[in-house]
Amino acid sequence: MIMAGYYKECVAMLLAGGSGSRLMPLTEHIAKPAISFGGKYRIIDFTLSNCVHSGIDTVGVLTQYMPMYLHDYIGKGHPWDLDLMNGGVSLLPPYSSGERSDWYSGTANSVYQNRHFIETYKPVYVLVLAGDHVYKMDYSLMLDSHKKRGADCSIAVIDVPKKDASRYGIINTDARDKIVEFEEKPAKPKSSLASMGIYIFNWDSLKEYLELDNRDEQSDKDFGKNVLPAMLAAGLKMFAYRFKGYWKDVGTHESLWEANMDMLVDSTLGMPDWHVLSRSRSRPPHHIGQTGRVKNSLLASDCQISGVVENSILSRGVVVEDAATVRNSIVMSDAVIKRGAVVEYAILDERSVIEAKAVVGQQRESGGKITVVAGSWT
Amino acid sequence: MNVGLCLSDLQPQTFGDGSNHRTASATHFAGHFRLIDFMLSNMVNSGIYTVAIVLGSQYQTLLSHIGAGREWDLNRSVGGVQYFPQYPGGDRRFNDVRDEPIQRALLYLDEVKAENVLVVDGSSAYNIDFREPLLQHVATGADVTAIYVNKPVLEIDRDFTAYCKIERSGRVSEIQSDPPAGEPVNQCMGAYIVKKTVLIRLLSRERSCDMTKFSCQVLAGTLKSLKVIGWEFSGYFARICSLPTFFHYNMDMLDPQNREPLFDFNSRRIHTRVHDSTPTKYGQDADVQNSIVANGCLIEGKIENCVVFRNVKVHAGAVVRNSVLQRETVIGANAELNWIVTDKQVIVSESRTLLGYKTHPVYIERGKIV
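A. Representation of the overall build of chain B in the model. Check the secondary structure of chain B and you find 8 helices and 28 strands. Relative to its length of 370 residues, chain B is compact, with a C-alpha radius of gyration of 21 Å against a globular reference of 21 Å. Its C-alpha atoms give chain B principal-axis dimensions of roughly 65 × 50 × 40 Å. Within chain B, the fraction of its 370 residues that count as buried is 57%. When contacts within chain B are restricted to residue pairs at least 6 apart in sequence, those whose partners lie at least 24 apart make up 57%. Of the roughly 14800 Å² that chain B leaves accessible, carbon and sulfur atoms contribute 46%. Side chains of chain B give 39 positive and 40 negative charges; the mean places of these two sets differ by 4 Å.

Printed below as a string of structure tokens:
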């Protein structure tokens, strides 16, 4: 029960409903934000932890695609201290009401359909976040900058290498970082500032433009494509907020693998005091047996290692049997690699089984792609 | 049976250095757990969601660890975990026995709807479904069911171990302390199912009661008048009450034959307070054999036959064998350790050599720098 009269300055809306089709088969049974990451986390942990550490204690999580596991994982939100009587985390799947029942048809539409949820808290600002990025960021600094500049909308941007810029939504600004133009995946980008999909709006302005967007039958109901350009065209004050630090969109097998490997270099992502909070069950520590060998790897609890593990990340409960080898791979919880199998440059999904003496994966040096092995979810 | 009574500990954990940081049930075990985890998990796994805990001395660590009991689902609206600490001397209501923690716990139990009470202490590690002995308890109409394990007593186990004689009828005819070492005897596990009315009568005059007293004095004196029946447990059992037992039973966990039935991940899980440590990182030159390692560690050196708790660092070139490193221990580069137990936050500087022996592991106190 949300009690009236408890107002929040800023409410976060976390978009976690996308289908993540580029990550198939990993997303066959779970939503992308719930995919396991870095040995003991799930991708959404980063965003939820960022919220809590930034002093934002009211988070609506918009879910749609395969939400069962994600709902179960977030639950009442106690691992993130979001199990609050006033505020905390709220799961917001699509719903039916008296006149209509609609799926979320786009990012903007999902927030529009939950405008009443936001309204209960009468916020001044709304922070819109994506649930599928790996990064550590203090949103309170962005909010400070938003207020100081008297903006209607602030968009977090990150400087990407010029050669990669055409893969992103690019934002062109004037000398004072006021936004002058959006370009979606431009062939010839004019700047290298990529949108991180993190927006702060004044709630009054956002409400107005969500209403307008909802009435526009041509619109895809998408923030990037429709709402933000409409605001810019109408002359609202929109600023880019420059973020410096680690940030990665883990939308593809390659980028998911790379981001995991980045954790191996520095699992704190450069911010050791900014803890990533995560729901975890108590399981015993891992055991490395007489024949086990582990080098340059991250291991979570309850693994049983009798083979060789190098340059890899193993989640909870992974078994590597005698004479099996795992190199340069991401192994999710409770996967079993049987005797004599060899796994290289692979992502093994939860509870996947690699049979004895099987060979999985191909050398990356010779141009091989990351191999993904589906898990067992039934 | 839906209620448990956890008696205060035998004594604070003393590892021979005179420093009692924590009560015995808060002692670390198996890299990740505290002993009380086993008893709380056993209770909830057996459907017991009301637990009265009588607190002895040095209980700060225990309270911080259990808190409201969320990790064990013991944060209940009805029942849940209830603490009974000692009142300070000047703040007594009756100025007599009724002010004692044990008496207040009995008063609480009196009001709980239950026929039987599970009486335990928190200094052992085992995994049990208490509903099995309860079935026998109800079927035999016993006043007390004593849970025991038949195994040889190690020399190090002799202190604090009570043992019992069981007649052919199943009745317990004798309970004694100081068992002979080496021979298999029926060791009392410090767990009894007792009719609530009997329990309240037995303890109504006691100012305090730990498990040794409960077994060897309170119960031992009533074996003729009460129907006390034994129930044999056949799983893994470890009681930890001293440095040698702490070392021995932690090292026991390196053997999967001991570890796997104790943690029984598929049916009866052992729960503990979880912390947001990162996974453990193994460096380029890490060399690890037959060891269990908890989360949050950084291992760059060599470890062999070790139990390593959370957030321990073993730097490059260090060699650690046959040792138990408790949380946040740091082993400096090129240091060498064999048969050592470090308490929390011990720092062993670069290139130090520390040697104990199998029968005499050397204990380094909490926070010391070697």
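B. Molecular detail of the state of the cysteines. All names here are of chain B. Here the structure, examined in full by the defined rule, presents 0 disulfides over all chains. The cysteine Cys6 is free of any disulfide, with Cys209 supplying the nearest cysteine sulfur at 12 Å. Unpaired in terms of disulfides, Cys164 finds its nearest cysteine sulfur in Cys188, a separation of 4.0 Å. Residue Cys164 is classed as buried on the basis of its relative accessible area, which comes to 4%.

C. Local environment of the interface of chain B and chain A. In this assembly, 34 residues from chain B lie in contact with 35 residues from chain A. With both chains or domains summed, chain B and chain A bury close to 2800 Å², and 48% of this area falls on carbon and sulfur atoms. Remark: the boundary between chain B and chain A carries 0 salt bridges. Our count for the chain B to chain A interface comes out at 21 residue pairs in polar contact (both at pLDDT 80 or more). Looking at the side of chain B that touches chain A, the elements that each hand over two or more residues are α8 (256-263), β14 (280-282), β15 (287-289) and β16 (291-293) of chain B. Considered class by class, the residues forming the side of chain B that touches chain A number 14 nonpolar, 14 polar and 6 charged. Bridge analysis of strand β16 (residues 297-299) of chain A against β14(B) gives 3 bridges, and the strand direction is antiparallel. What sits directly across from Leu298(A), in β14(B), is Lys281(B).

D. Local environment of helix α6 (residues 211-219) of chain B. Residue and element names in this part refer to chain B. Listing the buried residues of α6 in full gives Met211, Phe214, Ser215, Val218 and Leu219. Along α6, the residues classed as buried sweep out an arc of 125 degrees about the axis, all on the same side. The residue sitting at the N-terminus of α6 and contributing the capping side-chain oxygen is Asp210; that oxygen lies 3.2 Å from the backbone nitrogen of Thr212.

Calculation criteria
- Residues numbered from 1 in each chain as written.
- Chains lettered and ligands numbered in written order.
- Predicted model: local features only at pLDDT ≥ 70, side-chain atom pairs only at ≥ 80, totals over all residues.
- Heavy atoms only, no water.
- Helix = DSSP H or I, 4+ residues; strand = E, 2+ residues; numbered from the N terminus.
- Rg over C-alpha atoms; globule rule 2.2 N^0.38 Å.
- Buried < 20%, exposed > 50% of the residue type's maximum accessible area, 1.4 Å probe, protein only.
- Contact = heavy atoms within 4.5 Å.
- Areas by Shrake-Rupley, 256 points an atom, 1.4 Å probe, with all protein chains shown as cover.
- Lys, Arg positive; Asp, Glu negative; His and termini not counted.
- Charge placed at Lys NZ, Arg CZ, Asp CG, Glu CD.
- Disulfide = S-S within 2.5 Å.
- Buried area = accessible area lost by both parts, 1.4 Å probe.
- Salt bridge = Lys/Arg side-chain N within 4 Å of Asp/Glu carboxyl O.
- Polar contact = N/O pair within 3.5 Å; in protein donor to acceptor, adjacent residues only side chain to side chain.
- Nonpolar A, V, L, I, M, F, W, Y, C, P; charged D, E, K, R; others polar.
- Pairing = 2+ DSSP bridges.
- Arc of directions from axis to C-beta.

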